[in-house]
Structures are given as structure tokens and as C-alpha cells.
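# Examination of the molecular architecture
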Amino acid sequence: GCCREMKDFCIIGSGISGATIANALSKKYSLDVYDKARGAGGRSSNKKLNKNESFDHGAQYISPKSTQFKKFIKNLIAKKVVKKWAGKHLFLNTEKKENKKHIKIIGKKGNNAISKYLLKNINCNFDSEVIKIFNNDNIWEVSFSNGSKKFYKSLILTCPFPQLKKLSKKYIKHSFVNNKIKMDANITVMIVIKKNNHKISSYLFNDKILGWAANENSKVRFKSKNDLWTLQSTFLWANKKINKNQENKESNTKTMITKFFKLTGIKKTKVLFSLNHGWKYSSNSKPLSIKSYWNSSLNLGVCADWFVGPRLESGWISATDPVSYTHLTLPTT
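Quick summary incoming for the structure in this document.

## What to know about the overall build of the chain
Counting secondary structure elements, the chain contains eight helices and 18 strands. Its C-alpha atoms give the chain a radius of gyration of 21 Å, near enough to 20 Å, the size a compact globule of 333 residues would have. Its C-alpha atoms put the chain at 65 × 45 × 40 Å along the principal axes. Put simply, the chain has 333 residues, and 51% of those count as buried.

Okay, here's the thing in C-alpha cells:
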């Protein structure tokens, strides 16, 4: 009785890892995807200001490095899911060397475009936060914050490391769980200012507080009478500020906006709109020795960018790790 209706896989997270693995598995298995956010994309999210205008307030762009990922992106360019981000990108960080071959790829409508594309025929459940997982007799019991429970044969987690550890430390005996992975934070501020004839698409600053600024208008997704900018802090500053960002939202926002006008030389004008978003677990810059984790006796998998590195591509690499789902032997019904 119960097993006939029970789906094969429960995938937690709709970021690049969750979307990639869901897409691959959906060709052979039944599955559901859950995410605590309002929409797909994980940390590649796009915040709508209104019907047309929006901010990429998570991952800023993609610059593919590995051959396989380059191929994947090339195919998405052909399908018009992603495109090149043109314009002048100013690299001001003197500590790092700029890679001139570094192309910037963005989602056609928003940087959550890849996740949305990969998940388009998949049953996704948003506003669904998982609070507990329990394995009972080879069946995964997944509990949600709204009190509901769902049952699956296999479970794949793609959440940030601290959340993964909390959910699954009872089941994962592998040494990576005891790693001291400290994920970096990021504070993002989205602003709307009066139009000025500024020709720069993005800035990578050489500053202790402000790391990056992107002109959303330069992505040619909308026409606006104003200029929309996304500002992102440095990890160092955010790591110190993130835990109190909620209560210090105003002053943190002000600090970043003041820096923005000062460092870009844009004439200081009235800020017509601002929004502060804190990413407590934005990325992990120290790769682990494994790219993903699979336990075929429990039918439990973990894939996530933090196995591999801080970039969006890292999440894709983890989810396409060859040892991954080929080893997940499903219990026969």
C-alpha cells in the first residue's frame, strides 16, 4: 500500500545543486523538491522591485572554468536561458589579479534562470522548511515547519553546511561532517537612485567594507527611469556584522551606501528605495577532499557548492560528481 504512492526521491533545496540533481534524476525516478524560500534559485536569487525591474541579490554572474560546465553554459546560451553581461566591468582590487578571459554570464531574466530552467517540469514546493529528518526502516520521514510529514525512499540534501550538520549529523558518520567549515557571510543592499549617465556595469572594489557593486540596468532586462544598483559587502565585514544585521539594518545599509557613492564618484543623490538582505551562509572558500557524499545503505545523498568552492559552478560540479547518484541503489518496491 504505502510504497506505491511513495516517491523515490526527496530533494531539499532548489539552488544549482538541487536543481541539477533533480533534473538528472527526474529522467528515471519520481521526486519532489522542497525549498524554504519563495522561489527557485537558492543563493542565485532575483528580487523583483515590480513587474519589470529586479535585482540579482545573490550570485552575481557566472564565469565558467571547467570544460564540462562551459559546455553546459554554452547550451544554455543557445537556448536563451542565459546571456553575456556586456559593458565595462571595473576591477579595482589590487590584491587580486584580474583574469582578462573571465566572461560574465547572467540569467536572461534573473540569475535564478538556470534553476528555473532545470526545474521546469519538476514538482517543486516552496515556503517549505524542513526541520527534521528521520530514517525509519529504510524510509525517510521528512518533517516540515508547518507540522506536515512526507515519506520517501531516498533523500538528497543540498543546504548550506551548518543547516546540513544540524539536520543529518545523526546519520552521516563521514569525517567531512566534523570539518570546521565556516561559511562566509555577505550583506547585500539593493538601491534605486535617480538616473545619471554612468557607463559602468560593475565594480569590484579594493575596500574593507564594500566588495562589489552592479548596475542592474546594464543587464538589459528592463527599461527604467531610475538606476538600480546591487551592492555587496566583503566577507570580512559581513562576518563581523551578520549576526546583528537585523537590528543594525539601517546603519549597515547607510555605511554601504555611503561607501558606494564615495568609491564610484557617482554624485550623491537621494536614495529612492533601499533593501538590505543578509546571507548568513553565502559561501565556503576552502574546498573539501570530496565533491559530494552518498550513503547507499541509507539512500542519503549530499551535494552542495561548499564541497567544491565558493562559486555557483561548484554546486553544479558537486551535483554532477560521477560517483553520485549512480551509487544510490533504490530499494525495490
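## Observations concerning the sheet that holds strand E16 (residues 271-283)
Spatial strand order, E6-E13-E14-E15-E12-E16: six strands in an open sheet with mixed pairing. Since the sheet does not close on itself, it has two edges, and those belong to strand E6 (88-91) and E16, each with one partner. Put simply, the sheet's adjacent strands are angled 15° from each other on average, direction ignored. The pairing of strand E14 (residues 210-215) with strand E15 (residues 226-233) spans five bridges and is classified as antiparallel. Residue pairing in the sheet places Ala 213 in a bridge with Leu 231 of E15. Here helix H7 (residues 249-264) sits on the sheet and contacts strand E12 (184-194), strand E13 (200-204), E14, E15 and E16; the angle it forms with E12, its principal contact strand, is near 65°.

## Some words on the side chain of Ser 45
Mapping Ser 45 onto the fold places it in the loop between strand E2 (31-34) and strand E3 (46-48). With a relative accessible area of 13%, Ser 45 lands in the buried category. Once residues lying within four places of it in the same chain are set aside, the contact partners of Ser 45 are Phe 55, Asp 56, His 57, Gly 58, Asn 112 and Trp 279.

## Some details on the side chain of Thr 230
Within the element layout of this structure, Thr 230 appears in strand E15. Residue class for Thr 230 comes out buried when judged on its relative accessible area of 0%. One polar contact links Thr 230 to Glu 216, side chain to side chain, over a distance of 2.6 Å.

## Some points on the pattern of salt bridges
In total, this model carries 10 salt bridges according to the counting rule given. When the shortest N-O distance is used, the salt bridge between Lys 7 and Asp 32 registers 2.6 Å. Placement of Lys 7 in strand E1 (residues 7-12) and of Asp 32 in strand E2 is noted, with a sequence separation of 25 residues between them. Connected through shared salt-bridge partners, Asp 56, Glu 216, Lys 219 and Arg 221 make up one network.

## Concerning the packing of aromatic side chains
Under the defined criterion, the tally for this structure stands at 20 aromatic pairs. Considering the side-chain rings of Phe 69 and Trp 316, the 5.1 Å spacing of their centres and the 55° angle between planes classify their relative orientation as tilted. Highlighted residues: Phe 69 in helix H3 (residues 67-78) and Trp 316 in helix H8 (residues 312-319), separated in sequence by 247 residues. The residues Phe 69 and Trp 316 share a single accessibility class, namely buried. On the basis of an interplanar angle of 10° and a centroid distance of 5.3 Å, the ring pair of Tyr 203 and Phe 205 is categorised as stacked.

What counts, and at which threshold
Residues numbered from 1 in each chain as written. Predicted model: local features only at pLDDT ≥ 70, side-chain atom pairs only at ≥ 80, totals over all residues. Heavy atoms only, no water. Helix = DSSP H or I, 4+ residues; strand = E, 2+ residues; numbered from the N terminus. Rg over C-alpha atoms; globule rule 2.2 N^0.38 Å. Buried < 20%, exposed > 50% of the residue type's maximum accessible area, 1.4 Å probe, protein only. Pairing = 2+ DSSP bridges. Axes fitted to C-alpha atoms, helices over the stretch in contact; angles between N-to-C directions. Contact = heavy atoms within 4.5 Å. Polar contact = N/O pair within 3.5 Å; in protein donor to acceptor, adjacent residues only side chain to side chain. Salt bridge = Lys/Arg side-chain N within 4 Å of Asp/Glu carboxyl O. Phe/Tyr/Trp six-rings, centres within 6.5 Å; stacked < 30°, edge-to-face > 60°.

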